[in-house]
Amino acid sequence: LSASKPQIKLFIACSLDGYIARENNTLDWLHALPNPKQLDYGYHSFLAEIDTLIMGRTTYEEILGFGVDWPYGDCNIYVLSRNQGSQAQTPRTRFLNELNKESLEELRRKSQKNIWIVGGGQIISQCLALGEVDELILSIIPIILGDGIRLFPGQPKETWLELVSSKAFETGVVNLHYQRQ
Ligand SMILES: NC(=O)c1ccc[n+]([C@@H]2O[C@H](COP(=O)([O-])OP(=O)(O)OC[C@H]3O[C@@H](n4cnc5c(N)ncnc54)[C@H](OP(=O)(O)O)[C@@H]3O)[C@@H](O)[C@H]2O)c1
């Protein structure tokens, strides 16, 4: 990897037991944690170095359902779906029907900055299996959900990681920042 090559990074909040949403896709538990100082857990400085987002169709629809203005105006968005007829409803958004090394390498060539794998679990597990995730930043929320949508569903590929840093916030959130070995 040359220093200037765009990196593919995961940045995601998950429960202590490894869930990223409830079974019905809700994220109420993320917002339930008191955060009086409105800490952003590093999100805005992360986003400043991103110009490309990759997400699964389910995650895309969840974000559309938030009912807020589209938050990623300047970025190129790639939404994975096997359904060829899908129509993008947001700026600079394209549907992709293949997730493989070639499609990810093409995104690396097209990007000037880094690439954020937004989620969800299906997309994350596949990108890991392809060996294409350079960094993982997990914001661990201090809750055991017991059930839900897994961070690494299926049978994720066994992957050793190198810990870059860890940071505990006063709200009880812990960020774990890993890179590929
Ligand atoms: N906690 C967080 O910070 C966070 C972040 C992101 C997402 N989430 C949550 O994660 C949940 C969604 O995760 P998920 O794992 O169920 O779904 P997902 O990964 O978001 O999307 C799955 C969909 O992506 C498409 N897809 C998957 N693999 C593909 C491939 N190889 N080629 C083409 N298309 C492919 C399929 O769409 P089609 O069915 O259209 O073919 C599939 O149904 C949501 O509840 C969301 O809120 C949470």
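The rules behind these values
Residues numbered from 1 in each chain as written. Predicted model: local features only at pLDDT ≥ 70, side-chain atom pairs only at ≥ 80, totals over all residues. Heavy atoms only, no water. Helix = DSSP H or I, 4+ residues; strand = E, 2+ residues; numbered from the N terminus. Rg over C-alpha atoms; globule rule 2.2 N^0.38 Å. Buried < 20%, exposed > 50% of the residue type's maximum accessible area, 1.4 Å probe, protein only. Near = heavy atom within 4 Å. Polar contact = N/O pair within 3.5 Å; in protein donor to acceptor, adjacent residues only side chain to side chain. Areas by Shrake-Rupley, 256 points an atom, 1.4 Å probe, with all protein chains shown as cover. Nonpolar A, V, L, I, M, F, W, Y, C, P; charged D, E, K, R; others polar. Phe/Tyr/Trp six-rings, centres within 6.5 Å; stacked < 30°, edge-to-face > 60°.

Caption draft 1: Representation of the overall build of the chain in the model. Counting secondary structure elements, the chain contains 5 helices and 10 strands. At 16 Å, the chain has a C-alpha radius of gyration in line with the 16 Å of a compact globule built from 181 residues. The principal-axis extent of the C-alpha atoms belonging to the chain is close to 40 × 35 × 35 Å. Relative to its full complement of 181 residues, the chain shows a buried share of 41%.

Caption draft 2: Summary view of the site of the ligand. As a matter of local geometry, the ligand sits amid 24 residues, with Asn25, Arg57, Thr59, Ser81 and Arg82 nearest to it. Between the ligand and Thr58 there is a distance of 3.3 Å, counted from an oxygen atom to a side-chain nitrogen or oxygen. Contact with the protein chains hides 88% of the accessible area of the ligand, taken as 930 Å² for the molecule alone. Residue composition of the shell around the ligand, grouped by class: 10 nonpolar, 11 polar and 3 charged.

Caption draft 3: Layout of the packing of aromatic side chains. For the coordinates displayed, the defined rule picks out 9 aromatic pairs. Look at Tyr60 and Trp70: their rings are 5.9 Å apart centre to centre, the planes differ by 80°, and that puts the pair in the edge-to-face class. Placement of the pair is Tyr60 in helix 3 (residues 57-65) and Trp70 in the loop between helix 3 and strand 4 (76-80), with a sequence separation of 10 residues. For Tyr60, a relative accessible area of 2% translates into the label buried. Members of the aromatic cluster, connected to one another through ring pairs, are Phe11, Tyr43, Phe46, Tyr60, Trp70, Tyr72, Phe95 and Trp116.

Caption draft 4: Inspection of unusual backbone geometry at higher detail. Following Gly119, the chain continues to Gly120 via a peptide bond in cis, the omega torsion being -5°. Turning to its location among the elements, Gly120 is positioned in the loop between strand 6 (114-119) and helix 5 (121-129). With a phi angle near 50°, Gln38 is a residue other than glycine that sits in the positive phi range. Among the residues examined, Gln38 registers a relative accessible area of 69% and is labelled exposed. In this structure, Tyr41 takes a positive phi of about 55° despite not being glycine. For Tyr41, a relative accessible area of 15% puts it in the buried group.

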